[in-house]
Amino acid sequence: MPAPLRTPGVTLVDPSAIGRAAAARDAVLRYRVDTVAATSRADFFDAVRGALPMDPPLLGRRGWDALADSLWSGLHGAPGDTALIVVTDLTLLHDRAPGEFRTAVGILTELADTLTDPSFTGGRPTSLHCLIGLRGAAG
């Protein structure tokens with residue numbers, strides 16, 4: 001069973017409960033990242049690229065820093081001040097590429113932390129929460 005993760009911006013939730021967890025959160029913007037088949041960094045990048053605002057658009061699948069920067073700018077530039085990202089299920093990535101899983105969760109955690117900080121956002125913070133589906137997680 002995965003270790004529980006609770007930070008102010010990220011919560012691991014069993015995929016069977018992720019819909020209920022998302023419905024319980026208020027957010028102006030809601031994004032759904034379908035990751036049920038993601039087993040690699042490339043799969044994760046493709047899922048994120050297809051679901052989240054990115055600025056500039058991300059072309060490759062290798063650079064975690066490029067992904068983080070593009071997501072930060074894309075989410076910061078989106079309208080509204082509250083957003084929810086639902087990452088449907090990262091169980092396969094967790095099981096097959098644990099280092100990539102940790103990096104992906106770390107990027108989402110850092111996004112949630114920095115987007116809420118007025119000093120990083122020029123006084124226009126965005127409250128971001130990420131729900132990440134992971135079998136065996138207690139949300």
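Definitions and cut-offs
Residues numbered from 1 in each chain as written. Predicted model: local features only at pLDDT ≥ 70, side-chain atom pairs only at ≥ 80, totals over all residues. Heavy atoms only, no water. Salt bridge = Lys/Arg side-chain N within 4 Å of Asp/Glu carboxyl O. Helix = DSSP H or I, 4+ residues; strand = E, 2+ residues; numbered from the N terminus. Buried < 20%, exposed > 50% of the residue type's maximum accessible area, 1.4 Å probe, protein only. Core = buried A, V, L, I, M, F, W, Y, C linked by side-chain atoms within 4.5 Å. Contact = heavy atoms within 4.5 Å. Expected span 1.5 Å × (residues − 1).

Another point: the pattern of salt bridges. Tallying each qualifying case throughout the model produces two salt bridges. A salt bridge links glutamate 100 to arginine 41, with the shortest nitrogen-to-oxygen separation between them at 3.2 Å. Here glutamate 100, found in helix 5 (residues 98–115), pairs with arginine 41, found in helix 2 (residues 41–51); they are 59 residues apart in sequence, far enough to count as distant. Using a relative accessible area of 24% as the deciding quantity, one classes arginine 41 as partly exposed. As a salt-bridge pair, aspartate 46 and arginine 49 come within 2.9 Å of each other at their nearest N and O atoms. Separated by three residues within a single helix, aspartate 46 and arginine 49 lie in helix 2, roughly one turn from each other.

It is worth spelling out the nonpolar core at this point. Within soluble globular proteins, side chains that are nonpolar generally end up buried alongside one another. The biggest cluster of nonpolar side chains holds 36 residues, and the ones touching the most others in it are Phe44, Leu67, Ile85 and Leu128. Elements with a minimum of two residues in this core: strand 1 (10–13), strand 2 (29–33), helix 2, helix 3 (64–77), strand 3 (82–87), helix 5 and strand 4 (127–133). Sorting elements by how many residues they give to this core places helix 5 first, with eight residues. What phenylalanine 44 contacts, discounting residues up to four positions off in sequence, is Thr35, Ala38, Trp64, Leu67, Leu90, Leu93 and Ala104.

We now examine helix 3. With 14 residues, helix 3 extends 20 Å between its outermost C-alpha atoms, agreeing within 8% with the 20 Å of an ideal straight helix rising 1.5 Å per residue. Among the residues making up helix 3, those that are buried are Trp64, Leu67, Ser70, Leu71, Gly74, Leu75 and His76. Buried-residue contacts for helix 3 involve strand 2, helix 2, strand 3, helix 5 and strand 4.

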